[in-house]
Every structure is written in structure tokens, then in C-alpha cells.
Amino acid sequence: MTLLRQVISAPVAHAVVLSRSCLAVSVTPRRKLSVSSSSRAPRVDANVLLGMSEQELQKLAVDLGQLLIKLEDNRLIETVGIPVEDEKGPMRLTACVSSQVGCPLRCSFCATGKGGFSRNLSSHEIVGQVLAIEEIFKHRVTNVVFMGMGEPMLNLKSVLEAHRCLNKDVQIGQRMITISTVGVPNTIKKLASYKLQSTLAISLHAPNQKLRESIVPSAKSYPLEAIMKDCRDYFQETSRRVSFEYALLAGVNDQVEHAVELAELLHEWGRGHHVNLIPFNPIEGSDYQRPYKKAVLAFAAALESHKITTSIRQTRGLDASAACGQLRNEFQKSPLRIDSSTSSSESDIAVAS
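For the structure given in this document, a descriptive report is provided here. Note that the structure is a prediction, hence the values are computed from the model and not measured. (Residues numbered from 1 in each chain as written. Predicted model: local features only at pLDDT ≥ 70, side-chain atom pairs only at ≥ 80, totals over all residues. Heavy atoms only, no water.)

Comments concerning the overall build of the chain
Piece 1. A tally of regular secondary structure across the chain gives twelve helices and 14 strands.
Piece 2. Relative to its 353 residues, the chain shows a buried fraction of 55%.
Piece 3. For the chain, the exposed surface amounts to about 16,200 Å²; the carbon and sulfur share of it is 51%. (Helix = DSSP H or I, 4+ residues; strand = E, 2+ residues; numbered from the N terminus. Buried < 20%, exposed > 50% of the residue type's maximum accessible area, 1.4 Å probe, protein only. Areas by Shrake-Rupley, 256 points an atom, 1.4 Å probe, with all protein chains shown as cover.)

Here you go:
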């Protein structure tokens, strides 16, 4: 049961998540199905799943939306399909793809960082995630966001190769692709030089340097003033508006005064910014809490009153496995270690070539 066609030149082993709480079934072309179970999951007879029809398996994957993909070296990554029904037009299907196996930046609220880091993904492994979503949902992917596991800017070569393939070969418009980054020195300037029509999304999460350092450790090597200057220069170079991602953490960065400070920061460095608010999705072992809806709405209202375009991301459930990286951690209990052959290391965080 092959779920994917081969991408570019290298074969990929693929997987479909059948249950967030119990099983991940990997599907490898010309190979036998294998089943991995979570140690905390209820015991389920794998033969029951293996006896399901392809249509039944695909329905389970579509209902969950979140996939695990098993690579040839047995590493696991996450991919998410997000269908949006629109009464005024055709369904939009967004693929949220990973760019690395794990992530070395270790943002304090992120499940991916807690699982460690192994290596960068190749371009065909990135494109393969989009094709997996298309195959499972039986629908063309209309949008792609590099917001899954990993820091895209630490794997910029493969990300740009995948971007080109998705645009030219899979025929997804550049303006339908978003590249998200928490910020890696020198890389925003490099990305701007390609003059892509895609959206750059900055994971900001705080309106000042001190607070940002406590949430995003890598911010120490890339001060807020420097990243905002690079964003301003990116807009001037590409004429593309920069979007800012802001994870709302209860009692940490979700107060109205934080919103006012954020608005002032954005106005200082340019115009036409957009802020995407993301209420924190609880993850296992985290001290952070999800803010109340009232606090989220008050934060958004404060931004809008200061003429900052704002949206609130709708979450697809509050179970622990809904957070990026958490599902992978369910099945890969040992923290990842960096492969000796990887091109990304801790030193890359300070200055990326």
C-alpha cells in the first residue's frame, strides 16, 4: 500500500498516524508495514489496524489531520494537514511541514525542542510531506507553511530547493507559501536576496528583548533590534509584508500592556505589519499555561486599537499531542542526538553562513 509517489531522486519511507494516543503505522514503498506503539498508550491489536482497508486508514488520517513520517534512517517527523471549508469558494488545504528532525533552538514552550535535534531534512523529504498530505486527503494542497518541526533558516539550502520544487513542479503559488523563523543572524538578508513572493513569518513571542530571551534562548545572539531592522530591510527589498507569530503564554506575555508595547515596537520599525496570535497549546512537562479566551481577545483588541492587523489562530484541539513535536515525542522516547554528518550545529545558531 504505497501512499506516496517518489519525489525528486531519493526514496522516502512514509508513515500515517492512525491514533494520537496509540499507534503510528509506517508505510514504505515495497516494504512491509511496521507499527510503533506509545508506551503510555492502551494496548491495541495491531492486526486490527493492518486489516483495515486503505480507505479506512485514510479516513483515520484525515480525521486526525496530523501525520508521522518515518524516514529512511528511522527518524520521525511530523506533518499536519489543515483543511478549511469556504462557503464562497473551494476547500483550502494547508500543509504544515517540518524542515529538520527535531530542532536545536530549544524555545522554552516548544515540544519539538524538548525532543532534541538530529539533522536537517533534504529537499525531497520536505516535498514528500506535501505529497503525503495530498495523497491522504485526496485533495490538492493549496498552501504550505514551514511551521512544523525545526528552524527553516538553519536548513535554508534545502528549504529553498523544496520551495522551488513546490512552486514549479507541484504548482503551488509562491504567495501560498510561508517560511517561518524564530530568527537566525544573517539569514533574513540572504532570503531577501532571492526576492521570493512568499510570506516571511517571524516567531516573535515577546515585545522586548529581556522577555524574549526568557522565552527564546537563541534571542541572546540575535537581539530584537537587529531582527526588526532585518525585517524592515526585507520589506524594502521584496515589497512583501512580514508577519509576526506571537504565542500567548498565560501570565507571561499575554497582558494588555504587552500588546501595547508590541504595537509600539512594530510601528517604530515600519508599517503594515500583521500579528498572528497563537494561544499556547499545553504540552507535557511544561510550566506554561494556556491563557483564558478573555485574555486572548483583550490582547487582540489592544493591538487592533493601535492599528495593528491581528488574527487569532484556531487550534485543532487541546490534547497534548496537538502541539508541534509532542506527537513525535510520544513515539520516540529517547532524546535525539546530533548526527556527525549534519550540516547544522550549535555554532550555526550564532552566525549562519
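Here's the deal with the packing of helix α8 (residues 224–238) against helix α9 (residues 256–269)
Piece 1. One way to put it is that α8 packs onto α9 with a least axis distance of 9 Å and a crossing angle of 50 degrees. Relative to α9, α8 is oriented oblique. For the crossing formed where α8 meets α9, the hand is right-handed. On the side of α8, the interface is formed by Leu224, Glu225, Met228, Lys229 and Arg232, while α9 contributes Leu265, Leu266 and Trp269.
Piece 2. Here the contact of α8 with α9 is built from residues that sort into five nonpolar, no polar and three charged. (Axes fitted to C-alpha atoms, helices over the stretch in contact; angles between N-to-C directions. Parallel < 35°, antiparallel > 145°, perpendicular 65-115°, else oblique. Left-handed = near helix turned anticlockwise from the far one by under 90°. Contact = heavy atoms within 4.5 Å. Nonpolar A, V, L, I, M, F, W, Y, C, P; charged D, E, K, R; others polar.)

Regarding unusual backbone geometry
Piece 1. The phi angle at Asn186 is positive, at roughly 80 degrees, despite the residue not being glycine.
Piece 2. Its location among the elements puts Asn186 in the loop between β10 (177–181) and α6 (187–192).
Piece 3. Classification of Asn186 by relative accessible area gives partly exposed; the value is 40%.
Piece 4. Unusually for a residue other than glycine, Lys307 sits at a positive phi of about 65 degrees.

Remarks on the packing of aromatic side chains
Piece 1. Taken as a whole and assessed by the stated rule, the structure comprises two aromatic pairs.
Piece 2. Relative to Phe299, the ring of Tyr246 has its centre 5.1 Å away and its plane inclined at 35 degrees; by these criteria the two rings are tilted. With Tyr246 in strand β12 (residues 243–248) and Phe299 in helix α10 (residues 293–305), the pair connects residues that are 53 residues apart, well separated along the chain.
Piece 3. Assessed through its relative accessible area of 1%, Tyr246 is described here as buried.
Piece 4. The exposure class of Phe299 is buried, given its relative accessible area of 0%.
Piece 5. Aromatic pair Phe280 and Tyr288: ring centres 6.0 Å apart, planes at 75 degrees, arrangement edge-to-face. Here Phe280 and Tyr288 have matching classes, each one buried. (Phe/Tyr/Trp six-rings, centres within 6.5 Å; stacked < 30°, edge-to-face > 60°.)

Description of the pattern of salt bridges
Piece 1. On inspection of all chains with the given rule, the structure shows eight salt bridges.
Piece 2. For Glu135, the salt bridge goes to Lys138, with nearest N and O atoms at 3.2 Å.
Piece 3. A relative accessible area of 21% means that Glu135 is categorised as partly exposed.
Piece 4. Among the residues examined, Lys138 registers a relative accessible area of 52% and is labelled exposed. (Salt bridge = Lys/Arg side-chain N within 4 Å of Asp/Glu carboxyl O.)

Focus on the pairing of β10
The side chains of a regular strand alternate, residue by residue, between the two faces of the sheet.
Piece 1. The buried count for β10 comes to five of five residues, which makes it a mostly enclosed element.
Piece 2. Bridge analysis of strand β9 (residues 143–146) against β10 gives three bridges, and the strand direction is parallel. Across the sheet, Val144 pairs through a bridge with Ile177, a residue of β10.
Piece 3. The handedness of the β9 to β10 crossover, carried by helix α5 (residues 156–168), is right-handed.
Piece 4. When β10 meets strand β11 (residues 199–203), the two strands line up parallel, connected through four bridges. The residue of β11 that forms the bridge with Thr181 is Ile202.
Piece 5. At this point the chain moves from β10, through α6, to the parallel β11, and the crossover so formed is right-handed. (Pairing = 2+ DSSP bridges. Right-handed = clockwise from strand over helix to strand, strands pointing away.)

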